[in-house]
Amino acid sequence: MSANLLKETGPREVFCGLTSIVWLHRRMPDAFFLVVGSRTCAHLIQSAAGVMIFAEPRFGTAILSERDLAGLADAHEELDRVCCELLQRRPEIRTLFLVGSCPSEVIKLDLARAAERLNEELQGRVRVVNYSGSGIETTFTQGEDGALAALVPLLPASDERQLLLVGTLADAVEDRLIHLFGRLGISTIRSLPPRQSTELPAVGPGTTVLLTQPFLTETARLLKHRGATVLTAPFPLGAEGSRRWMEAGAAAFHLPKERVAEVLDPLEERARIALRPHREVLEGKRIFLLPESQLELPLARFLQRECGMELVEVGTPYLNRDQMAEELALLPEDTRVMEGQHVEQQLDRVREHKPDLVVCGMGLANPLEAEGIATKWSIELVFSPIHGIDQAGDLAELFSRPLRRRQLIHPGLHPINPDQPVHA
Ligand code: SF4
């Protein structure tokens, strides 16, 4: 391993794990996510979900009041009452996730016990599951890891030979990947999370797991405990990463190499053509990725190897060295990989190196733009369909767009003759 692995602690500028509810609730429309937290938590979800809050939301917050925090009220009774009211009003809910937050953790509200009690009371009509999305314990996408890890003990056992794709994908991307694996010769493919929370996939010694996302450390650990084999491969971002990821799956099923090449070669060729116009913009440009989603390493690998970008620094909130071994091996010698964050020091390094593009959270993007540094919002990367060989061009476009936009508006911002109006 040749990357330069560094660590940093200090003030952080990241989302907490509650944010992952925004995409998880869309994936499983029969589930409800009830955050047990403060007004701050409710505010976070509302801001992150934007207009979605008006359309029959499948998430909400049970707000802990001062009486709960002071221990004057029996918080468990209150929570049972809120859950029962919710389930009466929304009979279509099949799975209720009780999501822990910083306040519920600090006052040691035992949500695991609450889930157990409610499960007994509801007698199988609704399944109640608990996990933590608190900012003390989780960063952004780790919330999905918590939610999926909470489902693993509920998966039925089976010895069937199957491929299990783990991690939320856009439906269209998932369909496409299943189709391609089918053409390679793998017929039984299931997904976690499923599209309906009640249709949980089975797991056992016949299960081979391909992680679609790099942030699923705990889920992977629990699946191994259930007998599954979790493959290590580069993640399916970009043409090269996606191909290696699919090849790892194919090898586990002993599929002939010729058939794999027959199916994937034309796709890779097409991806290369799709990448070309973006490579023209990105080649030789220097990029700095701030930590947020754990997608940073595979993205950096894609941007460097397939788009010709130079990596100034690759930040990640957490580095699972085992699962990331193949990604790390593909990075150029001495790439600065920074685990954790001291946001002030990191911003100093951004200013010092003056990169052409910075991938960062929304809180930093506009201030950096105002300083003349082009930025890309990292949150878009978890909401956009970016996985798979076919998506390589679209993924590159997410990075070439801010640079193109900058080129377009540059004459307006720096007119050669400042007396002439810009729009004349
Ligand atoms: S869980 Fe913690 S970090 Fe997240 S919104 Fe609530 S209080 Fe803030």
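Definitions and cut-offs
Residues numbered from 1 in each chain as written. Predicted model: local features only at pLDDT ≥ 70, side-chain atom pairs only at ≥ 80, totals over all residues. Heavy atoms only, no water. Helix = DSSP H or I, 4+ residues; strand = E, 2+ residues; numbered from the N terminus. Rg over C-alpha atoms; globule rule 2.2 N^0.38 Å. Buried < 20%, exposed > 50% of the residue type's maximum accessible area, 1.4 Å probe, protein only. Contact = heavy atoms within 4.5 Å. Areas by Shrake-Rupley, 256 points an atom, 1.4 Å probe, with all protein chains shown as cover. Lys, Arg positive; Asp, Glu negative; His and termini not counted. Charge placed at Lys NZ, Arg CZ, Asp CG, Glu CD. Near = heavy atom within 4 Å. Nonpolar A, V, L, I, M, F, W, Y, C, P; charged D, E, K, R; others polar. Phe/Tyr/Trp six-rings, centres within 6.5 Å; stacked < 30°, edge-to-face > 60°. Polar contact = N/O pair within 3.5 Å; in protein donor to acceptor, adjacent residues only side chain to side chain. Disulfide = S-S within 2.5 Å. Salt bridge = Lys/Arg side-chain N within 4 Å of Asp/Glu carboxyl O. Core = buried A, V, L, I, M, F, W, Y, C linked by side-chain atoms within 4.5 Å. Pairing = 2+ DSSP bridges. Right-handed = clockwise from strand over helix to strand, strands pointing away. Axes fitted to C-alpha atoms, helices over the stretch in contact; angles between N-to-C directions. Parallel < 35°, antiparallel > 145°, perpendicular 65-115°, else oblique. Left-handed = near helix turned anticlockwise from the far one by under 90°.

Would you take a moment to explain the overall build of the protein for this structure?
Assigned secondary structure in the protein consists of 17 helices and 14 strands. Radius of gyration (C-alpha) of the protein: 23 Å, near the 22 Å computed for a compact globule of 424 residues. Expressed as a percentage of the 424 residues in the protein, the buried residues total 54%. Within the protein, residue pairs in contact and separated by at least 24 positions form 75% of the contacts whose partners lie at least 6 positions apart. When the accessible surface of the protein is totalled, it reaches about 19000 Å², and 51% of it is carbon and sulfur. Of the side-chain charges in the protein, 46 are positive and 58 negative, and the distance between the mean point of each set is 2 Å.

Would you mind showing me how to read the site of the ligand here?
Taken together, Cys16, Leu18, Cys41, Ser101, Cys102, Pro103, Ser134 and Gly135 make up the full set of residues adjacent to the ligand. Here the residues of the shell around the ligand sort into five nonpolar, three polar and no charged.

What am I meant to see in the packing of aromatic side chains here?
Scanning all chains against the criterion turns up six aromatic pairs. Look at Trp23 and Phe140: their rings are 5.7 Å apart centre to centre, the planes differ by 90°, and that puts the pair in the edge-to-face class. Placement of Trp23 in helix H1 (residues 21-27) and of Phe140 in the loop between strand E5 (127-132) and helix H7 (142-151) is noted, with a sequence separation of 117 residues between them. The class of Trp23 is buried, set by a relative accessible area of 7%.

Just checking my understanding: could you explain the side chain of Arg243 for this structure?
Residue placement: Arg243 occurs in helix H10 (residues 238-252). One polar contact links Arg243 to Asp265, side chain to side chain, over a distance of 2.8 Å. Residues in contact with Arg243, not counting those within four places in the same chain, are Ala261, Leu264, Asp265, Glu268 and Ile389.

What is the right way to look at the state of the cysteines in this model?
By definition, a disulfide is the covalent link that joins the sulfur atoms of two cysteine residues. In this structure the tally under the stated criterion is zero disulfides. The structure places no disulfide on Cys360, whose sulfur is separated from the nearest cysteine sulfur, that of Cys16, by 18 Å.

It is not clear to me how H7 should be interpreted in this structure. Could you clarify?
Side chains of residues three or four places apart in an α-helix project in the same direction, reflecting 3.6 residues per turn. Across the ten residues of H7, nine count as buried, placing the element largely inside the fold. Where H7 is concerned, the buried positions are Gln142, Gly143, Glu144, Asp145, Ala147, Leu148, Ala149, Ala150 and Leu151. For H7, the elements touching its buried residues are H1, strand E4 (95-100), E5, strand E6 (162-166), strand E7 (189-192) and helix H9 (217-225).

Looking at this structure, I do not really get the pattern of salt bridges. What am I missing?
Opposite charge on two side chains makes pairing possible when the charged atoms of those side chains draw close. What the rule picks out here adds up to 30 salt bridges. Of the charged contacts in the structure, one is a salt bridge between Arg301 and Glu327, with a shortest N-O distance of 2.8 Å. Of this pair, Arg301 sits in helix H12 (residues 296-305) while Glu327 is found in helix H13 (residues 325-330), placing the two residues 26 residues apart along the sequence. A single burial state applies to Arg301 and to Glu327, both of which are buried. Of the charged contacts in the structure, one is a salt bridge between Lys376 and Glu380, with a shortest N-O distance of 2.9 Å.

Even after reading the chapter, I still don't get the nonpolar core, so can you show me in this structure?
Side chains of nonpolar character tend, in soluble globular proteins, to be buried together. Ranked by size, the top nonpolar core spans 101 residues in total, and within it Phe33, Phe97, Phe181 and Phe399 carry the most contacts. The element best represented in this core is helix H11 (residues 257-282), accounting for eight residues. Counting 21 residues, the second largest nonpolar core, distinct from the first, contains Leu98, Leu109, Val126 and Val128.

Where do I start with the pairing of strand E13 (residues 357-360) in this structure?
Every regular strand shows the same layout, with side chains that alternate between the two sheet faces. Here E13 shows two buried faces, one formed by Leu357 and Val359 and the other by Val358 and Cys360. Across three bridges, strand E10 (residues 286-289) lies against E13 in parallel orientation. Paired with Leu289 across the two strands is Val359, which belongs to E13. Following the chain from E13 across helix H15 (residues 362-370) to the adjacent parallel strand E14 (residues 375-377), one finds a crossover that is right-handed.

Sorry, what's going on with the environment of Ala365 here?
Within the secondary structure, Ala365 is located in helix H15. Beyond its immediate chain neighbours, meaning those up to four positions away, Ala365 contacts Cys360, Thr375 and Trp377.

Honestly, the sheet that holds E7 in this entry has me stumped. Any pointers?
To summarise the sheet geometry, strands pair through backbone hydrogen bonds and adopt either a parallel or an antiparallel arrangement. Taken in spatial order, the four strands make up an open sheet running E7-E6-E8-E9, and their pairing is parallel. Two strands close off the open sheet at either side, each with one partner strand: E7 and strand E9 (229-230). For strand E8 (residues 207-211) and E9, the ladder comprises two bridges, and the chain directions are parallel. Bridging from a neighbouring strand, Thr208 pairs with Thr229 of E9.

Hey, could you run me through the pairing of E8 in this one?
Most of E8 is tucked away, with five of its five residues classed as buried. Of the two faces of E8, the one holding Thr207, Val209 and Leu211 and the one holding Thr208 and Leu210 are both buried throughout. The pairing of E6 with E8 spans five bridges and is classified as parallel. Within E8, the position partnered with Gln162 by the bridge is Thr207. Between the parallel pair E8 and E9, the chain is carried across by H9, and the sense of this crossover is right-handed.

Whenever I open this one, the packing of helix H4 (residues 75-89) against helix H6 (residues 111-122) confuses me. Can you help?
Geometrically, a packed helix pair is captured by the angle between its two axes and the distance between the axes. At a closest axis distance of 11 Å, the pairing of H4 and H6 adopts a crossing angle of 50°. Put simply, H4 runs oblique to H6. Pair H4 / H6 crosses with right-handed handedness. Between H4, through His76, Leu79, Asp80, Cys83, Cys84 and Leu87, and H6, the contact on the second element is made entirely by Leu111, Arg113, Ala114, Arg117, Leu118, Glu121 and Leu122.

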